[in-house]
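So you can see what is in the structure, the chains are spelled out below.
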Amino acid sequence: MSEPIREKPLTKNFSPGEAPFDLKQYESGGGYQAVRKAMTEMAPEDVTGVVKEANLRGRGGAGFPTGMKWSFVPMGDRAPKRKYLVANADEMEPGTFKDRLLLEGDPHQFIEGMILAAYAIQADVAYIFLRWAYKKAEALLGKAIAEAYEAGYLGKNILGSGYNLELYLHTSAGRYICGEETALMNALEGKRPIPRTKPPFPQTSGLWGKPTIVQNVETLCNVPHIVANGADWYKSLSYSGNGGTKLFGASGKIKRPAIWELPLGTPMRELLEEHAGGMQDGLKFRGVLPGGASTDFLVEEHLDLPMDYEPVMEAGSRLGTGTMVILDDKTCPVGMIRNLELFFTRESCGFCTPCRDGIPWTHRLLDAIETGDGKPEDIDNLDFIINTITRMLGRTFCAFAPGAVEPLQSGLKYFRDDFEQHIGEKRCPYAS
Amino acid sequence: MLTEEERREIEEEFEHFDYKQAVSVDALKIVQKHRGWVSDESIKDIAELLEMSPAELDGVATFYNLIYRKPVGKHVILLCDSVSCWVMGCDRMRAHFTKRLGIDFGETSEDNEFTLLPMQCLGTCDHAPAMMIDETLHRDLDEDKIDGIIERYKG
Ligand SMILES: Cc1cc2nc3c(=O)[nH]c(=O)nc-3n(C[C@H](O)[C@H](O)[C@H](O)COP(=O)(O)O)c2cc1C
Ligand code: SF4
């Protein structure tokens, strides 16, 4: 593991409590130089090339290599006439609050990332798919987009390059599944936003059947820095071969819940003990969802894990969005998992039977156990539902259902005694 | 019937897309902004403008948590009950609303001032528990803070 250089490119312009940089301020800190460089010195394929070489992986949860995704888009004269770039700003994964920070903290950085990504795939139109609740981000983005048009970074013949790009802001009306990229495309088309079967993949057949790239906000914010400073610099920001810093975060009963930009591969213990200041007084650490609601619990023995894609995967969970939710020893794990499954019950789009019927069933069982009505066979039934859904991996229309059972299956593994105690004593032992 | 203003606002959205149907969510939100909710009649009127069937548009409208197909109170309280807010005590906040306003999730107060709804993670987990009232975010909630907020909205 090599020691990373300590830079914080994504948050360097942040000034908490103050308005984010306007166009002039952003430019004076080197902003839009990457767009200038790309439009004057780089072919679209060169932009894709450097992003690929930098080993930037998607920050929206799945961790797919970004440059590789762009390289699947048809290019050249024979490519379809319309192509689209979509920024996924639907952030609704419970426990995740990093994209909000980036949108509110430096909207121009995000727009510059979008222009570069759009240029790389030669998109004609770009949409920001923003969740309804992010009102402040909506206002800031509206202003930043207008400024970028005014300065000639958007619109026709950008910086004299001959490249045209229109960028529109779309705000949604609240539904978690809209963050899934194929559901998101149905949402943008004005249809009922349920996911689509893959293949065909969006890179060749997405919005209105045209090549489309959907990219997370944080992923896009990395792109200007990669284009400006190169792949080697980007790789040196992290502890591992995956490039870059990551916005990590933590919430729950810790002393200082927040978001921190740190090298990818920073140990979980450092995040929790140094940056989050440890647990609140009188409480002990019990477990953690490392990357949002749809990631498996990790426990004490995993605290020294580097927060990076592979190590977290090997420990049986996922880096997900990198924002952790902490379980303490005075909070009921059964209650917490019941809460998670209530969320998934409400938000299942209803397209696939095991998800539509299985997830609400887990919630009913968990509710019975939590309120003292649980029976020993309820645990077998939970196992049965989990197995049905995980055995079907790749057979539900989207990754919602397997994600929904991740905290449940790991919760049963690590907190089994709690489940049994609830059932045995016919009450929640944590209730005062 | 859509008002002139509603129709104009919806038509302005057309320029962002090549297809009329694509503005369905915007159109629903525009009508909701003017009328507080979206009635069956509005569904028919919007569908006609967007060249969709009313059934298809209703399939969109009913899918979204924040398109109201029933009337709501003057203010809508969207209390986050996702995991971080749950750990930090949103159940207590919900109980407090019930005590203060006599309403639980999905209900509107008798004076028609407030509707209380559960909300998914508001992306402000470092300041849990959190809620939105109409379009304003309120964070780091406790019972006293909620009392103060209710008073301000009642006025
Ligand atoms: C149920 C579900 C919800 C999702 N929600 C989001 C989201 O809110 N934001 C996001 O960036 N990605 C979300 N994703 C992942 C997207 O499908 C997609 O992988 C991602 O936007 C790709 O961008 P990235 O490669 O830059 O991470 C979600 C996936 C699923 C299955
Ligand atoms: S897995 Fe669930 S959310 Fe995904 S398409 Fe199937 S029913 Fe819908």
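In this report, the structure presented in the accompanying data block is examined. Quick caveat: nothing in here was measured; it's all calculated off a predicted structure.

1. Details of helix 6 (residues 90-101) of chain B
All names here are of chain B. The end-to-end C-alpha separation of helix 6 is 16 Å, in line with the 16 Å expected for twelve residues at 1.5 Å each. Along helix 6, the residues that are buried comprise Cys90, Met93, His96, Phe97 and Leu101. Seen end-on, helix 6 carries its buried residues on one side only, within an arc spanning 110°. Positioned one or two residues after helix 6, Gly102 has a phi angle of 70°, which is positive.

2. What to know about the interface of chain B and chain A
Facing 41 residues of chain B, the contacting portion of chain A comprises 54 residues. Approximately 3900 Å² of surface area, both sides summed, lies buried where chain B meets chain A, with 59% of it carried by carbon and sulfur atoms. Area buried by chain B at its contact with chain A is led by Phe63(B), Val83(B) and Trp86(B), which between them contribute 19% of it. Where chain B touches chain A, the interface holds three salt bridges. Summed over the shared surface of chain B and chain A, the number is 18 residue pairs in polar contact (both at pLDDT 80 or more). Going through the elements one at a time, helix 2 (24-35), helix 4 (54-61), helix 5 (83-87) and strand 3 (114-119) of chain B are the ones with two or more residues in the side of chain B that touches chain A.

3. Structural notes on the environment of Leu130(A)
Residue and element names in this part refer to chain A. Position of Leu130 relative to the elements: it lies in strand 2 (residues 125-130). The spacing of Leu130 and Ala173 is 43 residues in sequence and 9.3 Å in space, taken between C-alpha atoms. Every residue in contact with Leu130, bar those within four places of it in the chain, is listed here: Ala89, Leu103, Ala137, Glu138, Leu141, Leu169, His170, Thr171 and Ser172.

4. Here's the deal with the site of ligand 2
Residues and elements named next belong to chain A. Neighbouring residues of ligand 2: 13 residues in total, closest Cys349, Phe351, Cys352, Cys355 and Cys398. According to the grid-proximity analysis, the pocket containing ligand 2 is the largest cavity. The residue inventory of the shell around ligand 2, partitioned by class, reads ten nonpolar, three polar and no charged.

5. Description of the sheet that holds strand 4 (residues 131-133) of chain B
All names here are of chain B. Spatially, the five strands line up as an open sheet ordered 2-3-1-4-5, and their pairing is mixed. Looking at strand neighbours, the two that pair on one side only are strand 2 (107-108) and strand 5 (136-138), the edges of this open sheet. Note that strand 4 and strand 5 share three bridges and pair antiparallel. Of the residues in strand 5, the one forming a bridge with Met131 is His138.

Reading guide: rules and limits
Residues numbered from 1 in each chain as written. Chains lettered and ligands numbered in written order. Predicted model: local features only at pLDDT ≥ 70, side-chain atom pairs only at ≥ 80, totals over all residues. Heavy atoms only, no water. Helix = DSSP H or I, 4+ residues; strand = E, 2+ residues; numbered from the N terminus. Expected span 1.5 Å × (residues − 1). Buried < 20%, exposed > 50% of the residue type's maximum accessible area, 1.4 Å probe, protein only. Arc of directions from axis to C-beta. Contact = heavy atoms within 4.5 Å. Buried area = accessible area lost by both parts, 1.4 Å probe. Salt bridge = Lys/Arg side-chain N within 4 Å of Asp/Glu carboxyl O. Polar contact = N/O pair within 3.5 Å; in protein donor to acceptor, adjacent residues only side chain to side chain. Near = heavy atom within 4 Å. 1 Å grid on protein atoms, 1.4 Å probe; cavity = no way out; pocket = protein on both sides within 12 Å on 5 of 7 lines; lining within 4 Å. Sits in = over half its atoms within 2 Å of the grid points. Nonpolar A, V, L, I, M, F, W, Y, C, P; charged D, E, K, R; others polar. Pairing = 2+ DSSP bridges.

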